[in-house]
Amino acid sequence: MTEQTAPLTALLAEDAIRLEENAADRDDAIRRAGRALVEIGAVEESYVDAMLEREQSVSTYMGEGVAIPHGTLAAKDVVKNDALCVLRFPDGVDWGGQQVTVAVGIAAKGKGHVKLLQRLATILVDPDRVAALRGATTAEQVYRLFSDDEEEEE
């Protein structure tokens, strides 16, 4: 239990917070999340295809208008470093019959995705925090929501 994990905010580059996105459909939204991870240097280009492949086998829709697209286990070798991106789609995206307004893209090496998912779950199970994430219009608001443990201890 001595293993330190970086705060979620440390995994979220400001360039990876995109709050005014539009997507034609789920696959377009996943591609946009993948591109954000590529552009910040977290993954190689082929990771985007792995994200689409993951979605074909298991939906990454989490409920409350949030999806967490991420690559398959086979794509771990093209992840350069753990990272997150947050894309907000104000007009929503049809995600296999569900309406998504926020996609949190995940890139994780090794088994890092398990811890990231656990930590994201603490945000996603709180209806107030999810509502705030869906309504976020600034990077600062997103950072505040993702700085979960530090602020809860205050």
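Look up a bit, the structure's there.
Fair warning: this is a prediction, and the values are worked out from it, not measured in the lab.

### Concerning the packing of helix α4 (residues 127-135) against helix α5 (residues 139-146)
Contact geometry of α4 with α5 gives a least axis separation of 9 Å together with a crossing angle of 160 degrees. Taken together, the axis directions place α4 and α5 in an arrangement best described as roughly antiparallel. Where α4 crosses over α5, the two elements pack in a sense that is left-handed. Residues Arg-129, Ala-132 and Leu-133 of α4 pack against Val-142, Leu-145 and Phe-146 of α5. Looking at side-chain class alone, the contact of α4 with α5 contains five nonpolar, no polar and one charged residues.

### A look at the pattern of salt bridges
Using the criterion set out here, one finds nine salt bridges in the structure. Residue Glu-39 is joined to Arg-18 by a salt bridge in which the shortest nitrogen-to-oxygen separation is 2.7 Å. With Glu-39 in helix α1 (residues 26-39) and Arg-18 in strand β1 (residues 12-18), the pair connects residues that are 21 residues apart, well separated along the chain. Glu-39 gets classed as partly exposed once you look at its relative accessible area, which sits at 47%. The shortest N-O distance in the salt bridge between Glu-64 and Arg-134 comes to 3.6 Å. Here Glu-64, found in the loop between β2 (61-63) and β3 (66-67), pairs with Arg-134, found in helix α4; they are 70 residues apart in sequence, far enough to count as distant. For Glu-64, a relative accessible area of 47% translates into the label partly exposed. According to the relative accessible area criterion, Arg-134 is partly exposed, its value standing at 28%. Connected via shared salt-bridge partners are Arg-18, Arg-35, Glu-39 and Glu-45.

### Considering the packing of α1 against helix α2 (residues 46-57)
Remark: α1 packs on α2, axes separated minimally by 9 Å, with the N-to-C direction vectors making an angle of 145 degrees. Along this stretch, α1 crosses α2, giving a crossing that reads as right-handed. Here Arg-26, Asp-27, Ile-30, Arg-31, Ala-33, Gly-34, Arg-35, Leu-37 and Val-38 of α1 lie close against α2, whose contacting residues are Tyr-47, Val-48, Met-51, Leu-52, Glu-55 and Gln-56. Grouping the amino acids of the contact of α1 with α2 by side-chain chemistry returns eight nonpolar, two polar and five charged.

### Overview of α1
An α-helix turns once every 3.6 residues. As a result, residues three or four positions apart point the same way. For α1, which comprises 14 residues, the first-to-last C-alpha distance of 20 Å matches the rise-based estimate of 20 Å (1.5 Å per residue) to within 8%. Listing the buried residues of α1 in full gives Asp-28, Ala-29, Ile-30, Ala-33, Gly-34, Ala-36, Leu-37 and Val-38. Along its buried surface, α1 packs onto β1, α2, β4 (83-95) and β5 (98-107). Its side-chain oxygen 3.3 Å from the backbone nitrogen of Asp-27, Asp-25 forms the N-cap of α1.

### A closer look at the sheet that holds β1
Neighbouring strands of a sheet are bound in pairs by backbone hydrogen bonds; such pairs are parallel or else antiparallel. Across the sheet, five strands lie side by side as β1-β4-β5-β3-β2; this open sheet has mixed pairing. Both edges of this open sheet fall to β1 and β2, since each of them pairs with a single strand only. Direction of pairing for β4 relative to β5: antiparallel, over a ladder of nine bridges. For Ala-83, the partnering residue across the bridge sits in β5 and is Ala-107. On the sheet, α1 packs against β1, β4 and β5 and is oriented at approximately 160 degrees with respect to β4.

### Here we look at the nonpolar core
Grouped together as the largest cluster of nonpolar side chains are 52 residues, with contacts concentrated most on Tyr-47, Leu-84, Val-142 and Phe-146. Among the elements that make up this core, the one with the highest residue count is β4 (eight residues). The contacts of Phe-146, once residues within four sequence positions are left out, are Leu-8, Thr-9, Leu-12, Leu-84, Val-86, Val-104, Leu-120, Ile-123 and Leu-133.

Conventions we followed
Residues numbered from 1 in each chain as written. Predicted model: local features only at pLDDT ≥ 70, side-chain atom pairs only at ≥ 80, totals over all residues. Heavy atoms only, no water. Axes fitted to C-alpha atoms, helices over the stretch in contact; angles between N-to-C directions. Helix = DSSP H or I, 4+ residues; strand = E, 2+ residues; numbered from the N terminus. Parallel < 35°, antiparallel > 145°, perpendicular 65-115°, else oblique. Left-handed = near helix turned anticlockwise from the far one by under 90°. Contact = heavy atoms within 4.5 Å. Nonpolar A, V, L, I, M, F, W, Y, C, P; charged D, E, K, R; others polar. Salt bridge = Lys/Arg side-chain N within 4 Å of Asp/Glu carboxyl O. Buried < 20%, exposed > 50% of the residue type's maximum accessible area, 1.4 Å probe, protein only. Expected span 1.5 Å × (residues − 1). Polar contact = N/O pair within 3.5 Å; in protein donor to acceptor, adjacent residues only side chain to side chain. Pairing = 2+ DSSP bridges. Core = buried A, V, L, I, M, F, W, Y, C linked by side-chain atoms within 4.5 Å.

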